[in-house]
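Inside the fold
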Amino acid sequence: MSVAAQGAVAARVVGPGTVQARVPVTVSARVGSTVVEVLADVGDTVQPGQLLVRLDDRDLNARRGVVTGQQEALQRNTEGARAALAKAQADLELARSKQRRDAELLAQGYVSVAVLDASNAALGSAAAGVDIARATLAAREADARTLSQEARYSDAVLSNTRIAAPMQAVVVQRMAEVGSTTAPGTPLFKLVDPRSLWVATRVDEAVVGRVRPGQVASIRLRSGEVLPGKVARIARQSDAATRELEVHVAFDSVPERFAIDQEAEVRIDVGEDRGLLVPLAALTRDKTGRQGVLVIADGRTRFQPVETGGADAQQVLVRKGLAEGDTVAAVAAGLSANQRVRAATAPAR
């Protein structure tokens, strides 16, 4: 027998969930090509910068070679334009010197005005030649900058044929095979950082108010493994159909074996509930399936329906149906209503 008495049991919020990664990374192709080598597989742990896939780069290498040839040709043309500018500047200095000399000779009466007019015309032509040479050199330098941009772009596109891991992660899905054709955006691998694993569980609106970030939780995987965790995040968007919110519970340590979307059950410790307690083994059901306990009065059992709350491994909280001090059968198994009982006596020693 047991007497219903006030007490407390640990309160837990329980919900089903699935194993997820906070930031799953999909590694995709950025150029259209053909896969020629795959260097990782599902389950592999990869490091930042580790090569995962190599694409056929022959066309891109050929294009880069064309740009290189154009740069070499343009470099020679630019050197020629610089030399032409230097010659034009020298011609301009010579024309200026001749114009000054002819102007002095004209003042002394040694040459005619026509000679000075010719010197002035030559000076103007030499100045125009310098302007043309400068414009030509500026055009060649602009072409060089354009080709330099094209070269950088070609190098960037060419580098996209070597697809590397962006972080330390585990390969959870492989979509690339040798010989397959890629287009920009074609997914090749799905990676997750095991340190970012958590369980997304759904909690009813009625009890989610008791859940707080940092609360201790236990995670039972479908494999039966139980791992410790803590509440990491509580969603602010409720499901309009189920009236549930998503709660993310992070693992305290990385599980040795895991699978994304693997089923799990989460138990979150949210404090304790106080009220009338009876042994968990006192619960039973009548012929109609109602939950209750067997109350003992005048030496006989009587079925009493009850509403229960939280429970632990030994006791359950009764919210409705019993009063403090009521005596119930501590173990209901093997008993029925309206059965005469008596208190068990301890065996003599």
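Residues numbered from 1 in each chain as written. Predicted model: local features only at pLDDT ≥ 70, side-chain atom pairs only at ≥ 80, totals over all residues. Heavy atoms only, no water.

Scanning the protein from terminus to terminus reveals three helices and 21 strands. Taking 349 residues into account, the globule formula puts the C-alpha radius of gyration at 20 Å, and the protein, at 44 Å, lies well above it. Dimensions of the protein along its principal axes, counting C-alpha atoms only, are 155 × 50 × 45 Å. Expressed as a percentage of the 349 residues in the protein, the buried residues total 33%. Contacts spanning at least 24 positions in sequence make up 73% of the contacts within the protein whose residues lie at least 6 apart. Here the protein displays about 20,200 Å² of accessible surface, and carbon together with sulfur accounts for 50% of that area. Within the protein, one finds 44 positive and 40 negative side-chain charges whose respective centroids are separated by 6 Å. (Helix = DSSP H or I, 4+ residues; strand = E, 2+ residues; numbered from the N terminus. Rg over C-alpha atoms; globule rule 2.2 N^0.38 Å. Buried < 20%, exposed > 50% of the residue type's maximum accessible area, 1.4 Å probe, protein only. Contact = heavy atoms within 4.5 Å. Areas by Shrake-Rupley, 256 points an atom, 1.4 Å probe, with all protein chains shown as cover. Lys, Arg positive; Asp, Glu negative; His and termini not counted. Charge placed at Lys NZ, Arg CZ, Asp CG, Glu CD.)

Alternating positions in strand β12 (residues 216-221) separate cleanly, Ala217, Ile219 and Leu221 being buried on one face and Val216, Ser218 and Arg220 remaining unburied on the opposite face. Summarising the sheet, β12 and strand β13 (residues 226-238) pair through five bridges and their orientation is antiparallel. Following the sheet pairing, Arg220 is matched in β13 by Val226. Connecting β12 to the next strand, β13, in antiparallel fashion are four residues, including Gly224 with a positive phi near 100 degrees. Taken together, the five bridges between β12 and strand β15 (residues 263-279) define a ladder with antiparallel strand orientation. Residue pairing in the sheet places Ala217 in a bridge with Ile268 of β15. (Pairing = 2+ DSSP bridges.)

Attention now goes to unusual backbone geometry. For residues other than glycine, phi is negative in most cases, and the peptide bonds are mostly trans. One non-glycine residue, Arg243, lies in positive phi territory at about 55 degrees. Position of Arg243 relative to the elements: it lies in the loop between β13 and β14 (244-251). Phi at Asn338 takes a positive value of approximately 60 degrees, unusual for a residue other than glycine. Inspection of the secondary structure puts Asn338 in the segment after β21 (327-328).

Okay, the environment of Val25 next. Along the polypeptide, Val25 turns up in strand β3 (residues 25-28). In sequence terms Val25 and Phe189 are 164 residues apart; their C-alpha atoms lie 8.3 Å from each other.

Our focus in this paragraph is the side chain of Asn160. Take Asn160: it is sitting in the loop between α2 (113-159) and β7 (162-164). Relative accessible area serves as the criterion here: at 18%, Asn160 is assigned to the buried category.

Sheet topology places β13 next to β14; six bridges connect them, and they run antiparallel. Within β14, the position partnered with Ile234 by the bridge is Val247.

To continue, consider the confidence of the model for the protein. Per-residue confidence for the protein gives a mean pLDDT of 90, with 98% of residues at or over 70. The low-confidence segment residues 345-349 (pLDDT under 50) makes zero contacts with residues lying over four places distant or belonging to another chain. (pLDDT = per-residue confidence, 0-100.)

Time to look at the environment of Gly69. With respect to the secondary-structure elements, Gly69 resides in helix α1 (residues 58-108). Separated by 35 residues in sequence, Gly69 and Glu104 place their C-alpha atoms 53 Å apart.

Per the UniProt record, the feature "domain: Multidrug resistance protein MdtA-like barrel-sandwich hybrid" (unreviewed entry) sits at residues 25-192. With 58% helix and 20% strand, residues 25-192 has end C-alpha atoms that lie 6 Å from one another. (UniProt positions renumbered as here; feature names shortened; annotations may be inferred.)

Moving on, we get to the sheet that holds strand β6 (residues 51-55). Overall, antiparallel pairing links the four strands, which are arranged β7-β6-β4-β9 in an open sheet. Strand pairing shows two members of the sheet lacking a second neighbour, β7 and β9 (181-182), which therefore form its edges.

Look at the UniProt record and you will see "domain: CusB-like beta-barrel" (unreviewed entry) annotated at residues 197-264. Secondary structure content for residues 197-264 is 6% helix and 54% strand, while the C-alpha to C-alpha distance between its ends is 13 Å.

Considering only enclosed or pocket space, the largest pocket measures out at about 190 Å³ in volume. What lines the largest pocket is a set of 14 residues, among which Ala11, Arg12, Val13, Asp273 and Gly310 lie closest to the centre. Mapped by element, the contributors of at least two residues to the lining of the largest pocket are β2 (5-21), β15 and β19 (307-311). Top contributing element to the lining of the largest pocket by residue count: β2, with five residues. (1 Å grid on protein atoms, 1.4 Å probe; cavity = no way out; pocket = protein on both sides within 12 Å on 5 of 7 lines; lining within 4 Å. Points joined across faces, edges and corners; volume = space filled by probe spheres on them.)

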